[in-house]
Amino acid sequence: MLGFIRERNKILDAFLRREGRGTGWEDGCMDESCLSTDAKYRCQDCFVRRLLCHACMVERYQDEPLHIIEEWRDNYFHPCSLASLSENRRVQLVHPPAQYCNFPDGPHPMVVLDNNGIHQLEIDFCGCVGAPSICDQVIDIGWYPATKTAPETCATLSLLKRFHTLNLQARVSAYDFYNSLEVVSERGGMQVVPDRREQFTLIAREYRHVQQCKRAGRGHDELLHGIKATAPGECGIDCRACPVPGVNIPDEYTPEDAWLYQLLLSQDANFKLKGRDTSSRDKDPSLGPGFAYVVANDQYLAHLSKYVDEDEISHCVAFAALWRANNKRAKGLRTTGIASVSCSRHEVFRKNGTGDLQKGERYSNIDYLFFMSIIGIALSSILVSYDIACQWSINFWKRAKKMPSYLQLPPGLRIQFKVPKFHLPLHVKKCHGPYSFNYTKGVGRTDGEGVERNWSWLNMIVRSVSVMGPGSREDTIDDFCGYANWRKTVGFGNSLLRKLVLAIPKAILHGQAFQAFTEGVREGHEDELEAWGEEIKAWEVDSEKKCPYEYPEEQEARRRERTSIQAADLQRKRTQTLSLIQRFRDEQVHFMPGLKSHLEGLQSSSDTESTSRPEDMKLHLPSAWPATLRQTLCITGLPEEEERLRAAQAWDALRELRRQLRTRMLAHQFKRAHISGQAAYTKSQQLHNSIEQRIRAAATSYKTARAALLSLRGPGEWETDLRVLTNQDIRGMNEWTLNEQEKEEDRRARNIVGADELDEFGEVIERTVRFNLEMGEGNRFLSWIWYAGGAGAGSTTDEGKLHNAERWREELLLVDEEMRRVLGYCGWKAAWWEARAGARTNVPHDVAEGLRAYATEQAARERHWQSGWQAKWAAVRERARAALLDEGVDFARDPAIRVELDDEVPYGEDREGDNFHELD
């Protein structure tokens, strides 16, 4: 900006210079072949704004009726139309500019909306024998008519394309866009322009529908049935990374690989997308009922009419209050919201998976939309997540039998029901095991919350669609769902690559962590480990059995006596500690006879030991002195005896630390489930404070013992088991370490509310961990303290947290399979377009050429994606296969793979980030 500040005066002069005639006008008309000296016309829309005479301007621009011409008059440029400069003010269609029609049909007044403003013209249609229809005549020159017989308003296709893009990408409404055209055309109130707002809205809606059918290949229908014969969902965009039978998955596969080809779906309701009762379907019908994502209304209502008295789905979750609030104020509404189904892993809206909710969230609505989204899919297994799947799955198969004949499921289809990870902790405890993604085989790191992220996109048009008629509302939602799917399709090259780059190190590290933990537990607990493994296998076969991942109720944390930290109590403890140290010093003389004289030689007269804080007084044990002094200070064998005791102290402290961390975890679970009210909360907080004190005491004991061992033994292999203990290592199995940003946020929040916690010596306690609340945070790793010395003793249920290792390995396999499916779909789609290039016969040659050109262009795009993505993913996929073959592979010896991500145009929420990733 400093450069701009230095040059801004010159830039301002350049802007002002453009307001005048510039240079060269003194020589007359700037046309090379013209000798006229009266040059006073210029075109605003041309690249070179040359000043021309009247005759040259008419000759050059008779085929550009929408260019804005300016005339130099009264010492400034006045806008004028090209028609006002010509004796023949009419624009002749079909014929070339220099050729006149023998049977002109006109003049017809026409208002044309273009990117540069609103134009008023007079049009002559061609009336020659064999001339195209009026509609074809205006479309052939790039205009779209508001009516198809005697149009008086048109919009250019370039304007419609721009509006369509701005509407989808920037959520610019038709109202605001048209207002901008009026502002451009009025020139500050100096010109009056006609109002064509309603016509523009109608044109934009029709254009959007025609484009949707064109992109779906409806114009290439070899049976010539046209748009009316569009099959349900045919205009929707598939998720090419999901399994599509006959397209991107093998016809046969082994039962062991079946999980790779199951379909993962998410569904949810959105009560923000309400619709007011502003019109009727007779006045505002949908242009493509059931063509893409929103189900056809007639069939939908016919099904719902059988369940008019049905109750809404009950909720067992803590979101129930919010859900009830969303359903209030339904008076005057045609719909209280919408429900939608999308794929869980890629967040792509499913075809025919979206529909209105007439009265809350009812079984009949959700069932119909789910069945419509999967009908015709010849797969053996589907997993669907829903925030109230625990209720919805009850009697699901009984309701399925009552569905219409066209929605009957194929025999042998297996459907699993899960609850999204964010929603699961708020369910009752019995839902946690059976409906958890973390404990489900074959889902990788899927969280089931994809449909919620889709709502953030659709919620941006809430205000617009709430006042639309029923048809306009459905067409708009269809359009925005399609655009979201298209952007995700274009972004597969980056999104899948990011997932694979993340999954490779996670799968390796979690696999190694799981192996280390298992080896630590197996020693001395092999029978318990084997029994727990059998429980897991049995539960995975029959989820009705006891879930081995759940914590038994009898393991509720025990309440300890109250330990309030008061100054008097602290002084009493210090007095007792000082007395013990004095007694220890009296005995120390016999075991370390040379210590007293050595200390007297080191101390000066001013070096008197303070007894006000006995916890800081040094005990001068053998480990406190270098090895060369121990022989002169200690009796024989004393250092070895301290070494033996210190090792025992370290292991005891580590076991006590793990025990207290388990207690803290159970206390938190009990608090969330049972504690309510200020009094109960205060008492529970006292318990938690006492647990935290014991955790800090155990950690301090371990650190002291290890430091002594390091002095006595020196560095060695023993450090593999007894590692350095940091604050980040002190965490339970369901806790994660806070990063620096999270720590700063926690400090800031506690400062605001004045909630800093102090230890017994008045020091501020910094939080280093956060409780997982059973969210299954697979990006965090288990602390090393749970690996060492048989950490799993007495707590086999804690091993369930290591499902992360299996889920990350599945994620690696799934992403690699999704890449293969995307490439397979691209090849299939390219062949599909190529086959349709000449599918329609007996059509005019110009139509046939357009059909071939469009199909060839689409096929070329698919081939480009296929080859580009295959090359882009090759190196990382190779690294992933190596990781799958050997989880212990050391990639540090291999060169890093530098992965460059393409620039993406974000939609919805802005996404910022580095475009480079390195995979070591």
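Residues numbered from 1 in each chain as written. Predicted model: local features only at pLDDT ≥ 70, side-chain atom pairs only at ≥ 80, totals over all residues. Heavy atoms only, no water.

Regular strands show a simple pattern: their side chains alternate between the two faces of the sheet. Most of strand β6 (residues 117-126) sits out of view: 8 of its 10 residues are buried. Where strand β4 (residues 90-92) meets β6, 3 bridges bridge the pair, whose relative direction is parallel. Each residue of the ladder has a partner; that of Arg90, found in β6, is Glu122. Of the pairings in the sheet, the one linking strand β5 (residues 104-114) to β6 comprises 9 bridges and is antiparallel in character. Along β6, the bridge assignment pairs Leu113 with Ile118. Hairpin remark: β5 followed by β6, antiparallel, with 2 residues in the connecting loop. (Buried < 20%, exposed > 50% of the residue type's maximum accessible area, 1.4 Å probe, protein only. Helix = DSSP H or I, 4+ residues; strand = E, 2+ residues; numbered from the N terminus. Pairing = 2+ DSSP bridges.)

Right, let's get into a negative patch on the surface. Side chains of Glu526, Asp527, Glu528, Glu530 and Glu534 sit close together on the surface and give a patch of like negative charge. Since its relative accessible area comes to 45%, Glu526 is described here as partly exposed. (Patch = residues over 30% accessible without salt bridge, like charges linked within 9 Å, V, L, I, M, F, W, Y side chains within 5 Å. Areas by Shrake-Rupley, 256 points an atom, 1.4 Å probe, with all protein chains shown as cover. Salt bridge = Lys/Arg side-chain N within 4 Å of Asp/Glu carboxyl O. Lys, Arg positive; Asp, Glu negative; His and termini not counted. Charge placed at Lys NZ, Arg CZ, Asp CG, Glu CD.)

Turning our attention to the pattern of salt bridges. Per the stated rule, a full pass over the model turns up 42 salt bridges. The partner of Arg240 in a salt bridge is Glu862, with the nearest N and O atoms 2.8 Å apart. With a gap of 622 residues between them, Arg240 in the loop between α7 (197-215) and β9 (263-270) and Glu862 in helix α25 (residues 845-885) connect regions that are remote in the sequence. A residue is classified by how much of its surface remains accessible, and Arg240, at 5% relative accessible area, is buried. The shortest N-O distance in the salt bridge between Arg877 and Asp816 comes to 2.9 Å. Residue Arg877 is found in helix α25, and its partner Asp816 is found in helix α24 (residues 803-836); the two are separated by 61 residues along the sequence. Asp816 shares its class with Arg877; the two are buried. Within the structure, one salt-bridge network assembled from shared partners comprises Lys441, Glu806, Arg807 and Glu810.

With 21 residues, helix α16 (residues 470-490) should cover 30 Å at 1.5 Å per step; its first-to-last C-alpha distance of 30 Å lies within 8% of that length. Most of α16 is tucked away: 19 of the 21 residues are buried. (Expected span 1.5 Å × (residues − 1).)

What follows concerns the packing of aromatic side chains. All chains considered together, the criterion is met by 24 aromatic pairs. Seen in terms of ring centroids, Phe370 and Trp392 are 5.3 Å apart; in terms of plane orientation they differ by 85°. Their pairing is edge-to-face. Placement of Phe370 in helix α10 (residues 363-374) and of Trp392 in helix α11 (residues 389-392) is noted, with a sequence separation of 22 residues between them. Like Phe370, the residue Trp392 is buried in the burial classification. Seen in terms of ring centroids, Tyr386 and Trp392 are 5.6 Å apart; in terms of plane orientation they differ by 90°. Their pairing is edge-to-face. For the residue pair Tyr386 and Trp392, the accessibility class agrees, reading buried in each case. Ring-pair connections join several aromatic residues into one group, and the members of that group are Phe370, Phe371, Tyr386, Trp392, Phe396, Trp397 and Phe417. Its end group placed over the ring of Phe77, Arg42 keeps NZ or CZ at 3.8 Å from the ring centre. Positioned above the aromatic ring of Trp832 is the side chain of Lys829, whose terminal nitrogen or guanidinium carbon lies 4.1 Å from the ring centre. (Phe/Tyr/Trp six-rings, centres within 6.5 Å; stacked < 30°, edge-to-face > 60°. Lys NZ or Arg CZ within 6 Å of the ring centre and 35° of its normal.)

Taken as a class, soluble globular proteins show a tendency for nonpolar side chains to be buried jointly. By size, the foremost hydrophobic cluster in this structure holds 70 residues, and its most contacted members are Phe370, Trp392, Ile415 and Leu812. By residue number, the principal contributor to this core is helix α17 (residues 492-541), which donates 9 residues. (Core = buried A, V, L, I, M, F, W, Y, C linked by side-chain atoms within 4.5 Å.)

This paragraph deals with unusual backbone geometry. Between Gly106 and Pro107 the backbone carries a cis peptide bond, its omega angle lying at 5°. Of note in this structure, Asp74 is not a glycine but carries a positive phi near 60°. The exposure class assigned to Asp74 is exposed, which follows from its relative accessible area of 57%. One non-glycine residue, Arg171, lies in the positive phi region at around 55°. Summarising the element assignment, Arg171 is placed in the loop between α5 (157-169) and α6 (174-186).

This paragraph deals with the confidence of the model for the chain. Put simply, the chain has an average pLDDT of 82, and 81% of its residues get 70 or more. Every residue in residues 553-565 scores below 50 in pLDDT, and together they form 23 contacts with partners more than four places removed in sequence or on other chains. Residue range residues 792-801 is modelled with pLDDT below 50. Its contacts to residues more than four positions away, or to other chains, number 28 contacts. (pLDDT = per-residue confidence, 0-100. Contact = heavy atoms within 4.5 Å.)

What follows covers the sheet that holds β9. Read across the sheet, 5 strands follow the order β13-β12-β9-β14-β15 without closing on themselves; strand pairing throughout is mixed. The sheet terminates laterally at β13 (349-357) and β15 (414-418), the two strands that pair on one side only. Sheet twist, expressed as the mean angle between neighbouring strand axes with direction ignored, is 20°. Pairing geometry for strand β14 (residues 381-386) and β15, over 5 bridges, is parallel. By the bridge assignment for β15, Ser385 is matched with Lys418. Along the sheet, α16 contacts β12 (337-343) and β13; its crossing angle with β13, the most-contacted strand, is approximately 145°. (Axes fitted to C-alpha atoms, helices over the stretch in contact; angles between N-to-C directions.)

Reading across from one edge, β1-β2-β3 is the order of the 3 strands in this open sheet, with antiparallel pairing throughout. Edge positions in the sheet fall to β1 (41-43) and β3 (76-80), since each has one partner strand and no second. Ignoring which end each strand starts from, the neighbouring axes of this sheet average 35° apart. Pairing of β1 with strand β2 (residues 69-73) involves 3 bridges; the strand directions are antiparallel. When the bridges of β2 are listed, Arg42 appears paired with Glu70.

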